[in-house]
Amino acid sequence: MNIGIGHIVGIVAVLILIAAVGAWSGRKVSDASDFTTGGGRAGTAVVAGTIMGTLVSGQATVGTAQLAFSYGLAAWWFTLGSGIGCLILGLAYAVRMRATSSTTLVGAVVAEYGERIDFVASIFSAVGIFISVISQMISASALITTLFPMPALAAALIAGTIMAVYVIFGGVWGAGIGGVVKLVLLYASCIVGAGVVLMLAGGPAGVLGGVTTALAGTDLGALSGIAGAEDIPGRFLSLVARGPFKDLGSGLSLVLGVISTQSYASAIWAAKSDGAARKGALLSAALIPPIGIACILIGLFMRGVCVTADEAAALAAIGQAVPEGVFVIDSTAQVFPQFVIHFLPQLAGGIALGAFFIATVGGGSGLSLGVATVVVEDLLSHMVDRLRDPIFKLVVTRSLIVIVLVLAGAAALALPGSMINDFGFLSMGLRGAVIFIPFTFALFAPGKIRSGWALASVIMGPVAVIAGNLIGLPFDPLFLGVAVCLVIMLVGLYAGGRTPARTGAVRTRS
């Protein structure tokens, strides 16, 4: 691996551009409302930028290429599920969300079902988002260590610092405007990367041919459980290569997670109008899935030209050498950055590396803002009277972002070799099990369910997800969690007995 002057120039140029955008966006922030919801002044582009600035992150790019290296098309579920989630968010939820008097998802649930639900829902929601912050930190650290050999601790410190700077000055404005700039760079990098792959491999058939040559009937393929060419399509061309329950569950977790995550809800509430909110979500739905296809092409191409250090060691243990013309990478988390360094021109590669680093940073920043918003608005605001002061609330929110990133960095150091997208799927699933069902009933069936049923749903949903993981269910525990939530709320709906919705739960916009 060689980092050239062109790489450094490209990376520095992107970082300077994003830093300038962040500093400029900070001028729009005067209090906590500007910081967390943009003061309700964001247009379609900023709404889409805020959503994609968090969703199109290390999980959607570095993580997708990593998973495609091992399972091909099944890696599309993160970006495909994200796109479907944004589509539903725009078509069914955006306008109803904006009709509430809340600025947080938990707040909307509490307004409908009472404060007893507040603490439990806030804690589970914040933990779910925090898990995703960890995956962003792993992605960013992997990218840094690929570019500049250094200890993992130093990489985590650098990643956390840049994440904090990215969002701490501009809040949702920094995440949104920076997201627009990042998206332009990211799309250009993905198009160039996919184009280079297709040119080098001779088209999609050539990409698959490289995988077949590397794995079919080889010792390397045997390490991955592939005996011959007949095993390649089922492993690399199937959306359910890891099993239908696991992969479909992963897709569902993304759909529900998008609707149930504060970071994306903040973008909806930041919009200057219902139309801007809806269009921003729909624009995100159209633009996110193609990025996954580009990253899958890169992951498949790299499967044919490189092996991991663990695979090289396993080959050596059976007396086999790494095939000629194949190079070694430290781990699957480095698939994408290693592709950029080896196969793109230096300046283009530097811009791409800068864009993907900012994608990772932006994802971690937006999610950390979501955690801080939930903690401040849904937990601390009820306990600390001084948080009524918008300036003090802004200081506390910014401080919590730093604390969240420090904790995520520590967790990333403890889990350095984890599959990035597995964290993303777990995070989205946990959020969906906590918030999605009660939030949906609060919006679409107000005044019809007693608060005790909603409280039981919020508690039992994530408990079912955690229990399902512990006992090793043959399907994604998300299905169990959502089913438990849904059954409880339907029983509550059937039981009836509610008075009309609480005052302030829903308001009509003029």
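Since we're looking at a predicted model, the values are computed, not measured.

1. Description of the overall build of the protein chain
Each helix and strand counted, the protein chain has 22 helices and two strands in total. Counting all 510 residues of the protein chain, 59% fall into the buried class. Taking the contacts inside the protein chain whose residues are at least 6 apart along the sequence as the reference set, 83% of them involve residues at least 24 apart. Accessible area for the protein chain stands at about 18500 Å²; split by element, carbon and sulfur atoms hold 69% of it.

2. Thoughts on a nonpolar patch on the surface
Taken together, the side chains of Ile-5, Ile-8, Val-9, Val-12, Ile-16, Phe-148, Leu-347 and Ile-351 make up a nonpolar region of the molecular surface, amounting to roughly 700 Å² of accessible area. Going through the elements one at a time, α1 (5-26) and α18 (346-379) are the ones with two or more residues in the nonpolar patch. Considering each element in turn, the nonpolar patch owes the most residues, five residues, to α1. Relative to the helices and strands, Leu-347 is located in helix α18.

3. Digging into the nonpolar core
Counting 140 residues, the largest nonpolar core has Ile-51, Met-97, Met-302, Phe-339 and Phe-439 as its most contacted members. When near neighbours in sequence (up to four residues on either side) are disregarded, Phe-439 contacts Tyr-93, Met-97, Leu-105, Ala-108, Val-109 and Ile-259.

4. As for the side chain of Ser-102
Turning to its location among the elements, Ser-102 is positioned in the loop between α5 (77-98) and α6 (105-113). Here the side chain of Ser-102 touches Gly-107 through a polar contact of 3.3 Å, landing on its backbone oxygen. Here Ser-102 is in contact with Gly-107, Ala-108, Ala-111 and Trp-269, once residues within four sequence places are set aside.

5. As for the pattern of salt bridges
Inspection of the entire model under this criterion finds three salt bridges. Between Arg-242 and Asp-247 there is a salt bridge, and its shortest N-O distance comes to 3.0 Å. Of the charged contacts in the structure, one is a salt bridge between Glu-311 and Arg-303, with a shortest N-O distance of 3.0 Å. In this structure, Glu-311 and Arg-303 share a single accessibility class: buried.

6. Here we look at the environment of Thr-61
Mapped onto the elements of the fold, Thr-61 is located in the loop between α3 (44-55) and α4 (62-71). Once residues within four sequence positions are removed from consideration, Thr-61 is found in contact with Val-56, Leu-186, Ile-291, Cys-295, Phe-336 and Phe-356.

7. Here we look at the confidence of the model for the protein chain
Chain-level statistics for the protein chain give a pLDDT mean of 82 and a share of 86% at 70 or above. In this model residues 29-38 is a low-confidence stretch, pLDDT under 50, and it forms 43 contacts with partners more than four residues away in sequence or in other chains. Considering only residues more than four positions removed or in separate chains, one finds that residues 170-174, a stretch of pLDDT under 50, has 27 contacts.

8. As for the packing of α4 against helix α15 (residues 274-305)
What describes two packed helices is the angle between their axes and the distance between those same axes. Contact pair α4 / α15: the axes reach a minimum separation of 7 Å and the direction vectors enclose 45°. The orientation of α4 relative to α15 falls into the category oblique. Considering how the two elements wind past one another, α4 and α15 form a crossing that is right-handed. Contact with α4, carried on its side by Thr-64, Ala-65, Ala-68 and Phe-69, involves Gly-292, Cys-295, Ile-296, Gly-299, Leu-300, Met-302 and Arg-303 of α15 and no other residues of that element.

9. A word on the packing of aromatic side chains
For the structure on display, the rule yields eight aromatic pairs. Seen in terms of ring centroids, Phe-301 and Phe-339 are 6.1 Å apart; in terms of plane orientation they differ by 85°. Their pairing is edge-to-face. Here the residue Phe-301 occupies a position in helix α15, and Phe-339 occupies one in helix α17 (residues 335-343), the gap between them amounting to 38 residues. Residue classification places Phe-301 among the buried residues on the basis of a relative accessible area of 10%. With a relative accessible area of 0%, Phe-339 lands in the buried category. Ring centres 5.1 Å apart and planes at 80° place the aromatic pair Phe-301 and Phe-343 in the edge-to-face group. One end of the pair, Phe-301, is in helix α15; the other, Phe-343, is in helix α17, with 42 residues separating them in the sequence. In this structure an aromatic cluster arises from ring pairing among Phe-301, Phe-327, Phe-336, Phe-339 and Phe-343.

Parameters at a glance
Residues numbered from 1 in each chain as written. Predicted model: local features only at pLDDT ≥ 70, side-chain atom pairs only at ≥ 80, totals over all residues. Heavy atoms only, no water. Helix = DSSP H or I, 4+ residues; strand = E, 2+ residues; numbered from the N terminus. Buried < 20%, exposed > 50% of the residue type's maximum accessible area, 1.4 Å probe, protein only. Contact = heavy atoms within 4.5 Å. Areas by Shrake-Rupley, 256 points an atom, 1.4 Å probe, with all protein chains shown as cover. Patch = residues over 30% accessible without salt bridge, like charges linked within 9 Å, V, L, I, M, F, W, Y side chains within 5 Å. Salt bridge = Lys/Arg side-chain N within 4 Å of Asp/Glu carboxyl O. Core = buried A, V, L, I, M, F, W, Y, C linked by side-chain atoms within 4.5 Å. Polar contact = N/O pair within 3.5 Å; in protein donor to acceptor, adjacent residues only side chain to side chain. pLDDT = per-residue confidence, 0-100. Axes fitted to C-alpha atoms, helices over the stretch in contact; angles between N-to-C directions. Parallel < 35°, antiparallel > 145°, perpendicular 65-115°, else oblique. Left-handed = near helix turned anticlockwise from the far one by under 90°. Phe/Tyr/Trp six-rings, centres within 6.5 Å; stacked < 30°, edge-to-face > 60°.

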